[in-house]
Amino acid sequence: MNLNQQIERWLLSQRTQYAGSERPFVTLSYAQSWDGSITLQSGEPLALSGEQAMQLTHHLRSLHDGILVGIGTVLADDPRLNVRQWRGPDPQPVVLDAHFRIPPGARLCHLSDKRCWILTSADAICPDDSALEIIRLPGDSAGRVSLHEALRELKRRGINSLMVEGGANVITGFLQQQLVDAMVLTVAPRLVGGYKAVGDLGVADRTALPHISPVFTDRLGTDLIMWGQVKYDNQDNASSGEHA
Ligand SMILES: NC(=O)c1ccc[n+]([C@@H]2O[C@H](COP(=O)([O-])OP(=O)(O)OC[C@H]3O[C@@H](n4cnc5c(N)ncnc54)[C@H](OP(=O)(O)O)[C@@H]3O)[C@@H](O)[C@H]2O)c1
């Protein structure tokens, strides 16, 4: 079994334990340098993954019902969030965009086969024939879209598995709220000294930091791929209140 097949089999086996959950199974996946940077600075694109790791990303996309990024990533990278370097279905694209800042020229506003879902707290309106579908959700105390509400709404709409690709604010937000179930990380052999993937997780007790167990690793081209289940000290994933 090659690495892609191993990760696919592992992810699918993890998901079955979450079948009755109130929210989708969440896989966090992104590429970082050896020093933990995802780009030079926020707002700038930086390609870190090698060719095979990029194919793995597209494979992972095809294994999820939905794919979510923050508006910061849309503004920096102008992604399409579909499957091009693998054979498989496109996931439903979803953007966290509390203040509805997505530019009309963004590629996600011009997908031919899927309407991109915009999760926002703003009074945004789009015509029925727009390539965007606005989903209004309550904001949290920081004025951002409530992630718990967002995940419940996605589940209601049939998204049982969600891949979260970044950027750092979104990665940190999902980890802070203990909403990541699995991680597939690409570690590229570069030192960037830039914008770090994970910010303050708001965990005062250092023994309560999230950890990954079991851990799996392998090489893919020059990149290192690490994957595993994310666990939180006060929460056994399979028995969390979020999962029925
Ligand atoms: N190496 C990689 O794999 C990778 C992957 C993705 C991105 N990136 C890089 O990461 C950078 C973007 O990261 P970023 O941290 O600036 O932006 P981001 O995480 O993509 O987006 C953050 C924005 O999303 C919106 N948002 C709405 N609700 C939120 C919530 N509950 N939690 C968090 N954010 C929420 C906020 O904007 P509003 O308040 O306006 O809604 C927030 O400023 C880019 O330079 C991109 O190239 C790298």
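Residues numbered from 1 in each chain as written. Predicted model: local features only at pLDDT ≥ 70, side-chain atom pairs only at ≥ 80, totals over all residues. Heavy atoms only, no water.

J.: I'd love a proper account of the nonpolar core, names of residues and values included.
T.: If you look at the biggest cluster of nonpolar residues, it comprises 34 residues, and the most contacted ones within it are Leu68, Leu119 and Phe174. When residues of this core are traced back to their parent elements, those giving at least two are β1 (25-33), β4 (92-96), β5 (116-120), α4 (147-156), β7 (161-166), α5 (168-176) and β8 (182-188). The element contributing the most residues to this core is α5, with five residues. Ignoring sequence-local partners within four residues, the contact set of Phe174 consists of Val26, Leu68, Leu96, Leu147, Leu151, Val164, Leu179 and Val180. Formed by 32 residues, the second largest nonpolar core is a distinct cluster that contains Ile67, Val95, Leu111 and Ile118. (Core = buried A, V, L, I, M, F, W, Y, C linked by side-chain atoms within 4.5 Å. Buried < 20%, exposed > 50% of the residue type's maximum accessible area, 1.4 Å probe, protein only. Helix = DSSP H or I, 4+ residues; strand = E, 2+ residues; numbered from the N terminus. Contact = heavy atoms within 4.5 Å.)

J.: Any chance you could break down the pairing of strand β3 (residues 66-70) for me, citing the residues and the numbers?
T.: β3 sits mainly inside the fold: five of its five residues count as buried. Across five bridges, the pairing between β3 and β4 is parallel. By the bridge assignment, Gly70 is partnered in β4 with Leu96. For the crossover that starts at β3, traverses helix α3 (residues 71-77) and ends in the parallel β4, the hand is right-handed. Where β3 and β7 come together, four bridges link them in parallel fashion. The residue bridging Val69 from the neighbouring strand is Gly166, located in β7. (Pairing = 2+ DSSP bridges. Right-handed = clockwise from strand over helix to strand, strands pointing away.)

J.: If you had to explain the pattern of salt bridges to someone new, which residues and values would you point to?
T.: Counted according to the given criterion, the structure contains nine salt bridges. As a salt-bridge pair, Asp181 and Arg23 come within 2.9 Å of each other at their nearest N and O atoms. Here the residue Asp181 occupies a position in the loop between α5 and β8, and Arg23 occupies one in the loop between α1 (3-16) and β1, the gap between them amounting to 158 residues. You can call Asp181 buried: its relative accessible area is 1%. (Salt bridge = Lys/Arg side-chain N within 4 Å of Asp/Glu carboxyl O.)

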